[in-house]
Amino acid sequence: VERVDVVRMLKLHRALEPGAMTLHPAIRDVADRVLDAFSRRELLGWASGLTDRVSLFAGLTEEQAGRLALGFTRVEYGADRILFAPGEQPDRLYVILDGEVRVEVAGGVRARIEAGGVVGEAAFVEERAHTGWATTVGPVRAVVLGREELARVLRQRPDIGAALYRNLSRELLGKLRAASVPEG
């Protein structure tokens, strides 16, 4: 029965809900790989047109954006979910697809990051502990890039790595400038 479910999933091009399956240990590895392949296929579709919507992908070709997207993992969070807190070591950065994330430091709200924006990049790039909180304001869909996935992309495609770090620099500079402008 388990094998039939995996085959049906392949024929229908539709991922099964992994939690709904009880798999024999011998087939679990195969099923996990198939589910992962479906997830990556969805990411490639998501990457189409990304260069115009997400600052991190600016200036990349569609091929480069698709390759970089393969390193990301899709996530969904409900309201008031803490993505990171002060003192936590950064192992990922978040690209917000839908929704909003509030970034706070001890002095109050520092920024609100909306769709297309990046969260957690400063500590991620500097490899230092987070100095503030990032909390979802409502439901949020995002993709996450982990440190290991980034290292793999950098080894395999230095051209993508150079563009990614250029875009991260621009993102951080824009946030620095916005924080330096007095309100009023």
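Quick summary incoming for the structure in this document.

Quick notes on the rules
Residues numbered from 1 in each chain as written. Predicted model: local features only at pLDDT ≥ 70, side-chain atom pairs only at ≥ 80, totals over all residues. Heavy atoms only, no water. Helix = DSSP H or I, 4+ residues; strand = E, 2+ residues; numbered from the N terminus. Phe/Tyr/Trp six-rings, centres within 6.5 Å; stacked < 30°, edge-to-face > 60°. Lys NZ or Arg CZ within 6 Å of the ring centre and 35° of its normal. Pairing = 2+ DSSP bridges. Axes fitted to C-alpha atoms, helices over the stretch in contact; angles between N-to-C directions. Parallel < 35°, antiparallel > 145°, perpendicular 65-115°, else oblique. Contact = heavy atoms within 4.5 Å. Nonpolar A, V, L, I, M, F, W, Y, C, P; charged D, E, K, R; others polar.

Some remarks on unusual backbone geometry
Piece 1. Look at D80: it is not a glycine, yet its phi comes out positive at around 65°.
Piece 2. Relative to the helices and strands, D80 resides in the loop between β1 (72-77) and β2 (82-84).
Piece 3. One non-glycine residue with positive phi stands out, namely E127, at about 55°.
Piece 4. Along the chain, the position of E127 falls in the loop between α5 (121-126) and β7 (133-136).

Concerning the packing of aromatic side chains
Piece 1. In the structure shown here, the tally under the stated rule is two aromatic pairs.
Piece 2. Taking the ring centre of F124 as reference, the NZ or CZ of R147 above it sits at 4.3 Å.

Observations concerning the pairing of β7
Piece 1. As paired elements, β2 and β7 share two bridges and run antiparallel to each other. Directly across from I82, in β7, lies its bridge partner T135.
Piece 2. With four bridges connecting them, strand β4 (residues 100-105) and β7 associate as antiparallel partners. Within β7, the residue paired with R102 across the bridge is T135.

Notes on the packing of helix α6 (residues 147-156) against helix α7 (residues 158-180)
Piece 1. Relative orientation of the contacting elements α6 and α7 amounts to 125°, with a least axis distance of 5 Å. Taken together, the axes of α6 and α7 are oblique relative to one another. Of α7, the residues touching α6 (which contributes L150, V153, L154, R155 and Q156) are P158, I160, G161, L164 and Y165.
Piece 2. Looking at side-chain class alone, the contact of α6 with α7 contains seven nonpolar, two polar and one charged residues.

Examining the side chain of E121
Piece 1. Along the polypeptide, E121 turns up in helix α5.
Piece 2. What E121 contacts, discounting residues up to four positions off in sequence, is L93, L168, E171, L172 and K175.

Overview of the sheet that holds β4
Piece 1. Reading across from one edge, β2-β7-β4-β5 is the order of the four strands in this open sheet, with antiparallel pairing throughout. The open sheet has two edge strands with one neighbour each: β2 and β5 (108-114). Each strand of the sheet is rotated relative to its neighbour by a mean of 30°, with strand direction disregarded.

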